[in-house]
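Notes for the structure review
What follows is the residue order along each chain.
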Amino acid sequence: MRSVTIKTAGLLFTCALSAAPAFAQSGTFQVKQMTPEAAVKAVRAALEDCRKRGYQVAVAVVDRAGVAQAMMRDRFAGPHTVQTAINKGYTAISFRTDTLEFAKLTQSGTASSGVRSIANVVAVGGGVNIASGGTNVGAIGVSGAPTGEADDACAKAGIAAIRDELEF
């Protein structure tokens, strides 16, 4: 009986050692990044879509860390729209939620309403996440249309323009 227990323990130990590399952690990891070219293409497409609708806006694409990667402001868009577009993208990627939904989830009186007071958070539609292969690689923010829903529609047109360049 004792030899069976020792053999079983030895077998378990051997299995644990052979599985260790599968669970080993390295000091680095790989991430997907959007190319600057794709970011610029999305910005231009969103800006053009808003122009067709008669809106003067600013559009920004932020990377997965919320840092502006590409930005463009139409000639008559208000001066506040530049930072607001960047911050809408920042909010979407930070909370992994498009800002139209984020605005609903963080309304006054809800348990999450306090996050609206965090610096650079904008709870207005127009910030939409950009995913590739099931991973968020950035977000696009649009500011300057008459409503958050209109900003959101232009942002989605920007993403549609690069959809073929993103992995799904």
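Here, the structure is the one placed above.
A brief look at the structure comes next. (Residues numbered from 1 in each chain as written. Predicted model: local features only at pLDDT ≥ 70, side-chain atom pairs only at ≥ 80, totals over all residues. Heavy atoms only, no water.)

**As for the overall build of the protein**
Along the protein, the regular secondary structure elements total 5 helices and 4 strands. Its helices and strands taken in sequence order, the protein reads α-α-β-β-α-α-β-β-α from the N to the C terminus. In the structure as shown, the protein presents an accessible area of about 9700 Å², 57% of it carried by carbon and sulfur atoms. (Helix = DSSP H or I, 4+ residues; strand = E, 2+ residues; numbered from the N terminus. Areas by Shrake-Rupley, 256 points an atom, 1.4 Å probe, with all protein chains shown as cover.)

**Quick look at the pairing of strand S2 (residues 68–73)**
Pairing of strand S1 (residues 58–63) with S2 involves 5 bridges; the strand directions are antiparallel. By the bridge assignment, Val-59 is partnered in S2 with Met-72. Where S1 folds back on S2, the antiparallel hairpin that results is connected by 4 residues, among which Gly-66 adopts a positive phi of roughly 85°. (Pairing = 2+ DSSP bridges.)

**Quick look at the sheet that holds S1**
Strand order in the open sheet formed by 4 strands is S2-S1-S4-S3, and the pairing between neighbours is antiparallel. Single-partner strands in this sheet number two, and they are S2 and strand S3 (127–132). Each adjacent strand pair in this sheet contributes to an overall mean axis angle of 15°, direction not counted. The strands touched by helix H2 (residues 36–52) are S1, S2 and strand S4 (135–143); relative to S2, the strand with the most contacts, the crossing angle is about 30°. (Axes fitted to C-alpha atoms, helices over the stretch in contact; angles between N-to-C directions. Contact = heavy atoms within 4.5 Å.)

**Let's talk about the state of the cysteines**
Two cysteines whose sulfur atoms are joined by a covalent bond form what is called a disulfide. In total, this model carries 1 disulfide according to the counting rule given. Two residues, Cys-50 and Cys-154, share a disulfide whose sulfurs are 2.1 Å apart. Handedness of the Cys-50-Cys-154 disulfide follows from its S-S torsion of about 120°: it is right-handed. Here Cys-154 lies in helix H5 (residues 148–162) and Cys-50 lies in helix H2, a separation of 104 residues in the sequence. Overall, Cys-50 belongs to the buried group, its relative accessible area being 0%. (Disulfide = S-S within 2.5 Å. Buried < 20%, exposed > 50% of the residue type's maximum accessible area, 1.4 Å probe, protein only.)

**Examining the packing of H2 against H5**
Contact pair H2 / H5: the axes reach a minimum separation of 7 Å and the direction vectors enclose 135°. By the angle between their axes, H2 is oblique relative to H5. Viewed along their axes, H2 and H5 form a crossing whose handedness is right-handed. For the pair H2 and H5, contact is made by Ala-38, Lys-41, Ala-42, Ala-45, Ala-46, Asp-49 and Cys-50 and by Ala-153, Cys-154, Ala-155, Ala-157, Gly-158, Ala-161 and Ile-162, respectively. (Parallel < 35°, antiparallel > 145°, perpendicular 65-115°, else oblique. Left-handed = near helix turned anticlockwise from the far one by under 90°.)

**Side note on the nonpolar core**
One finds Met-34, Val-59, Val-61, Ile-130, Ile-140 and Val-142 to be the most contacted residues of the largest nonpolar core, which totals 24 residues. Contributing elements (two or more residues each) for this core: H2, S1, S3, S4 and H5. In this view, Val-59 contacts Val-43, Ala-46, Leu-47, Ala-70, Met-71, Met-72, Ala-85, Ile-140, Gly-141 and Val-142; residues no more than four positions away in its chain are not counted. With 8 residues, the next largest nonpolar core counts Ala-58, Ala-85, Ala-92 and Ile-93 among its residues. (Core = buried A, V, L, I, M, F, W, Y, C linked by side-chain atoms within 4.5 Å.)

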